[in-house]
Amino acid sequence: MTLYRLSKVALLTALLSVSAYLLPPFQVPVVGIAFTLQTAVIVLIGFLLKPTDAFLCVITYLVLGLIGLPIFSNKVGGIAPFVGPTAGFLYLFPVVAFLIALLKSKTKNIFYDILVATLVSIVLVYPLSTIYFSIYTKMSYMDALLYFTPYMVVDFIKIILAYVLYRKIPEEIAYL
């Protein structure tokens, strides 16, 4: 890996690490799980990096959190988030970044890229992560999926935000 690629991965890992502390400018009145900008940064990483680099970036983030840095939602770190009710989301973060990086258009086609990001980060992630959540909380699968509906809507807004940022970054910096 070149120093330039390593620097981009490190910079985006740092951005992802502080994203748990960044709250969107709006809050939805749902209790239990914080609304942060982590998912927006995961999508942005997918848009900006090559697939392998995007995967490594998010894996690095997860390892940093696993060793105890308080960089996850609700400002926690350690093993607890990896076995808690939302662990399924953490496990799928690297997959989301990798798939968006792999499937994004080479020409920054807005409709295609938003569709890919939506399919990967909402249509794929929520049904899979909800399986673990429903088992952990002993909630029915459908009730758990309905519980996450506000998060899906907010995540779609975050996808658009990430795409706007991606389009604003000069092409000399961003990987197409």
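Above this text is the structure in question.
Nothing here was measured: the structure is a model prediction, and the numbers come from that model.

1. Things to note about the overall build of the chain
Moving on, step 1. Across its full length, the chain carries eight helices and zero strands.
Moving on, step 2. Each helix and strand of the chain, placed in order from N terminus to C terminus, yields the pattern α-α-α-α-α-α-α-α.
Moving on, step 3. A buried classification covers 45% of the 176 residues belonging to the chain.
Moving on, step 4. Restricting the contact set of the chain to residue pairs at least 6 apart, pairs at least 24 apart contribute 68%.
Moving on, step 5. As presented, the chain carries roughly 8800 Å² of accessible surface, and 77% of it is formed by carbon and sulfur atoms.

2. Things to note about the pattern of salt bridges
Moving on, step 1. Counting across every chain of the model gives two salt bridges.
Moving on, step 2. Residue D53 is joined to R5 by a salt bridge in which the shortest nitrogen-to-oxygen separation is 2.6 Å. Of this pair, D53 sits in helix α3 (residues 51–66) while R5 sits in helix α1 (residues 3–18), and the two are 48 residues apart along the sequence.
Moving on, step 3. A salt bridge links D155 to K158, with the shortest nitrogen-to-oxygen separation between them at 3.4 Å. Taken together, the residues D155 and K158, both in helix α8 (residues 149–168) and three residues apart, mark about one turn of the helix. An identical accessibility class is assigned to D155 and K158; each is buried.

3. Quick word on the packing of helix α2 (residues 38–48) against α8
Moving on, step 1. At a closest axis distance of 8 Å, the pairing of α2 and α8 adopts a crossing angle of 40°. Taken together, the axes of α2 and α8 lie oblique to each other. Considering only the axes of α2 and α8, their crossing is right-handed. Touching T39, A40, V43, L44, F47 and L48 of α2 are D155, K158, I159, A162, Y163, L165 and Y166, all from α8.
Moving on, step 2. Along the lines of polarity and charge, the residues of the contact of α2 with α8 split into 10 nonpolar, one polar and two charged.

4. Let's talk about the packing of aromatic side chains
Two numbers describe a pair of aromatic rings. These are the distance of the centres and the angle of the planes.
Moving on, step 1. Applying the stated criterion across every chain, the model contains 16 aromatic pairs.
Moving on, step 2. Ring geometry for F55 against F98: centres 6.4 Å apart, planes inclined by 85°, an arrangement best described as edge-to-face. Of this pair, F55 sits in helix α3 while F98 sits in helix α5 (residues 87–103), and the two are 43 residues apart along the sequence.
Moving on, step 3. Its relative accessible area of 33% is what places F55 among the partly exposed residues.
Moving on, step 4. Residue classification places F98 among the partly exposed residues on the basis of a relative accessible area of 29%.

5. Let's talk about a nonpolar patch on the surface
Moving on, step 1. Side chains of V95, L124, L128, I131, I135, Y141 and M142 sit close together on the surface and give an oily, nonpolar patch of about 600 Å² of accessible area.
Moving on, step 2. Contributions of two or more residues to the nonpolar patch are made by α6 (110–137) and α7 (141–147).
Moving on, step 3. Top element by residues in the nonpolar patch is α6. It accounts for four residues.
Moving on, step 4. With respect to the helices and strands, the residue M142 is situated in helix α7.

6. A look at the side chain of K158
Moving on, step 1. Taking the relative accessible area as the measure of exposure, K158 reaches 6% and is therefore buried.
Moving on, step 2. A polar side-chain atom of K158 sits 3.0 Å from a polar atom in the side chain of T39.
Moving on, step 3. In contact with K158, not counting residues within four places along its chain, are T36, T39 and A40.

7. As for the side chain of S19
Moving on, step 1. Tracing the backbone shows S19 in the loop between α1 and α2.
Moving on, step 2. Looking at S19, its side chain comes within polar contact range of the main-chain oxygen of L16, at 2.6 Å.
Moving on, step 3. Residues contacting S19, with those up to four places away along its chain left out, are T36, L37, Q38 and V41.

Rules used throughout
- Residues numbered from 1 in each chain as written.
- Predicted model: local features only at pLDDT ≥ 70, side-chain atom pairs only at ≥ 80, totals over all residues.
- Heavy atoms only, no water.
- Helix = DSSP H or I, 4+ residues; strand = E, 2+ residues; numbered from the N terminus.
- Buried < 20%, exposed > 50% of the residue type's maximum accessible area, 1.4 Å probe, protein only.
- Contact = heavy atoms within 4.5 Å.
- Areas by Shrake-Rupley, 256 points an atom, 1.4 Å probe, with all protein chains shown as cover.
- Salt bridge = Lys/Arg side-chain N within 4 Å of Asp/Glu carboxyl O.
- Axes fitted to C-alpha atoms, helices over the stretch in contact; angles between N-to-C directions.
- Parallel < 35°, antiparallel > 145°, perpendicular 65-115°, else oblique.
- Left-handed = near helix turned anticlockwise from the far one by under 90°.
- Nonpolar A, V, L, I, M, F, W, Y, C, P; charged D, E, K, R; others polar.
- Phe/Tyr/Trp six-rings, centres within 6.5 Å; stacked < 30°, edge-to-face > 60°.
- Patch = residues over 30% accessible without salt bridge, like charges linked within 9 Å, V, L, I, M, F, W, Y side chains within 5 Å.
- Polar contact = N/O pair within 3.5 Å; in protein donor to acceptor, adjacent residues only side chain to side chain.

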